[in-house]
Amino acid sequence: MKTYTSNHIVFFSPTHTSAKVARAIGEGIGMGKRIEIDLTTDEGESVIEIKDSIAVISVPVYAGRVAPVALQRLRRLRGSNAPAILIAVYGNRDYEDALVELRDETVRLGFTPLAAGAFIGEHSYSRPNMPIAAGRPDTDDLQCAEQFGRKSMEKLEKEGLSGDFFIKGNVPYRYVGPSTPAAPVCTDGCFGCGSCIELCPTHAITLNDDGKIATEVAKCIKCCACVKECPNGARVFDTPYTPMLHQKCAARREPELFL
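Residues numbered from 1 in each chain as written. Predicted model: local features only at pLDDT ≥ 70, side-chain atom pairs only at ≥ 80, totals over all residues. Heavy atoms only, no water.

A few words on the overall build of the chain. What the chain contains, in helices and strands, is seven helices and 13 strands. With the C-alpha coordinates aligned to their principal axes, the bounding extent of the chain is approximately 60 × 40 × 35 Å. The buried share of the chain, reckoned over its 259 residues, is 49%. Within the chain, counting contacts between residues at least 6 apart in sequence, those at least 24 apart form 81% of the total. For the chain, the computed accessible surface area is about 12,400 Å², with 49% contributed by carbon and sulfur atoms. (Helix = DSSP H or I, 4+ residues; strand = E, 2+ residues; numbered from the N terminus. Buried < 20%, exposed > 50% of the residue type's maximum accessible area, 1.4 Å probe, protein only. Contact = heavy atoms within 4.5 Å. Areas by Shrake-Rupley, 256 points an atom, 1.4 Å probe, with all protein chains shown as cover.)

Let us now look at empty space enclosed by the protein. Per the stated rule, a full pass over the model turns up two cavities of 30 Å³ or more. Taken as a whole, the largest cavity encloses approximately 120 Å³ of empty space. Together, 17 residues line the largest cavity, and Cys 190, Cys 193, Cys 196, Cys 230 and Pro 231 are the ones closest to its centre. Taken together, the elements giving at least two residues each to the lining of the largest cavity come down to helix H5 (195-199) and helix H6 (225-229). In terms of residue count, the dominant contributor to the lining of the largest cavity is H5 (three residues). Considered class by class, the residues forming the lining of the largest cavity number eleven nonpolar, four polar and two charged. Roughly 100 Å³ of internal volume is contained in the second largest cavity. (1 Å grid on protein atoms, 1.4 Å probe; cavity = no way out; pocket = protein on both sides within 12 Å on 5 of 7 lines; lining within 4 Å. Points joined across faces, edges and corners; volume = space filled by probe spheres on them. Nonpolar A, V, L, I, M, F, W, Y, C, P; charged D, E, K, R; others polar.)

Moving on, we come to unusual backbone geometry. For the peptide bond that leads from Arg 136 to Pro 137, omega is 0 degrees, which places it in the cis range. By the secondary structure assignment, Pro 137 is in the loop between strand E8 (112-120) and helix H4 (139-159). A positive phi angle, near 55 degrees, is found at Ala 63, a position not held by glycine. With respect to the secondary-structure elements, Ala 63 resides in the loop between strand E4 (53-62) and strand E5 (65-66). Its identity is not glycine, yet Lys 222 carries a phi of approximately 60 degrees, on the positive side. For Lys 222, the position within the fold is in the loop between strand E11 (213-215) and H6. Given a relative accessible area of 13%, Lys 222 falls into the buried group.

The subject of this paragraph is the packing of aromatic side chains. All chains considered together, the criterion is met by four aromatic pairs. With a centroid separation of 5.5 Å and an interplanar angle of 50 degrees, the aromatic rings of Tyr 90 and Tyr 95 are classed as tilted. Per residue, the accessibility class of Tyr 90 equals that of Tyr 95, and both read buried. Arranged with centres 5.8 Å apart and planes meeting at 70 degrees, the rings of Phe 166 and Phe 258 form a pair that is edge-to-face. Taken together, the residues span a long stretch of sequence, with Phe 166 in the loop between H4 and strand E9 (185-186) and Phe 258 in strand E13 (residues 256-258) at a distance of 92 residues. (Phe/Tyr/Trp six-rings, centres within 6.5 Å; stacked < 30°, edge-to-face > 60°.)

Glancing now at the layout of surface pockets. Within this model, the largest pocket holds a volume of roughly 1,300 Å³. Surrounding the largest pocket, 50 residues form its lining, Tyr 62, Ala 63, Tyr 125, Ser 179 and Lys 222 being those nearest its centre. Of all elements in the fold, only helix H1 (17-29), E4, E5, helix H2 (68-74), strand E7 (83-90) and helix H7 (241-248) reach the threshold of two or more residues within the lining of the largest pocket. Across the lining of the largest pocket, the residue classes break down as 28 nonpolar, 14 polar and eight charged.

Distances and angles like these do not, on their own, reveal function.
So, in structure tokens, the structure goes:
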């Protein structure tokens, strides 16, 4: 086996689900030197080189594909002697072609896929009265992720790297049409603390001259980080997809792993 001196944890994770899964896998890998690369609010353009390192790359799924902003940010990466554990985190509906899309993109960036997994995270549109995979990834998910990290290392030690193993999904990828512009809004309970400004991955939220929170709808990716993290519960996003997903995607789904 080639020598790997570190473990990189790379994620785009507005509501922290992809980050939690990636970190749990890192625990399973158990390498002393672990480096986190959080692309969630990082709009930088400089190349990020990952060399002689085992990379865990974790992204959210939007409509059965890798979230477009996540894909854009991942393109800063360059792998060299870098096995990759690829992770797609979806909101209990389906991940469809996200994993094969992530595989294809990371191969183009110089990584060699070692393993892949689809994990469940609480859906961005989940609400307390209409939960969709609420609380996921939970303890069982994170234990599964940690074990997956260990199994991935065992595979690397026994078999080395071939990059050739089955991952569920299709090419060409699922077609996703243009998104209808929409964004969360503030309720009367908002007092302009600005917490949401720091959280927004596309920096779509600002404080206007009147001291009110304003959102640039065209830049919003509907991740709902601002809704889930508002300390005063004063940010809401009403969409007909919430009741639909609550009704149709209530049954618990389990992680799917590919080695």
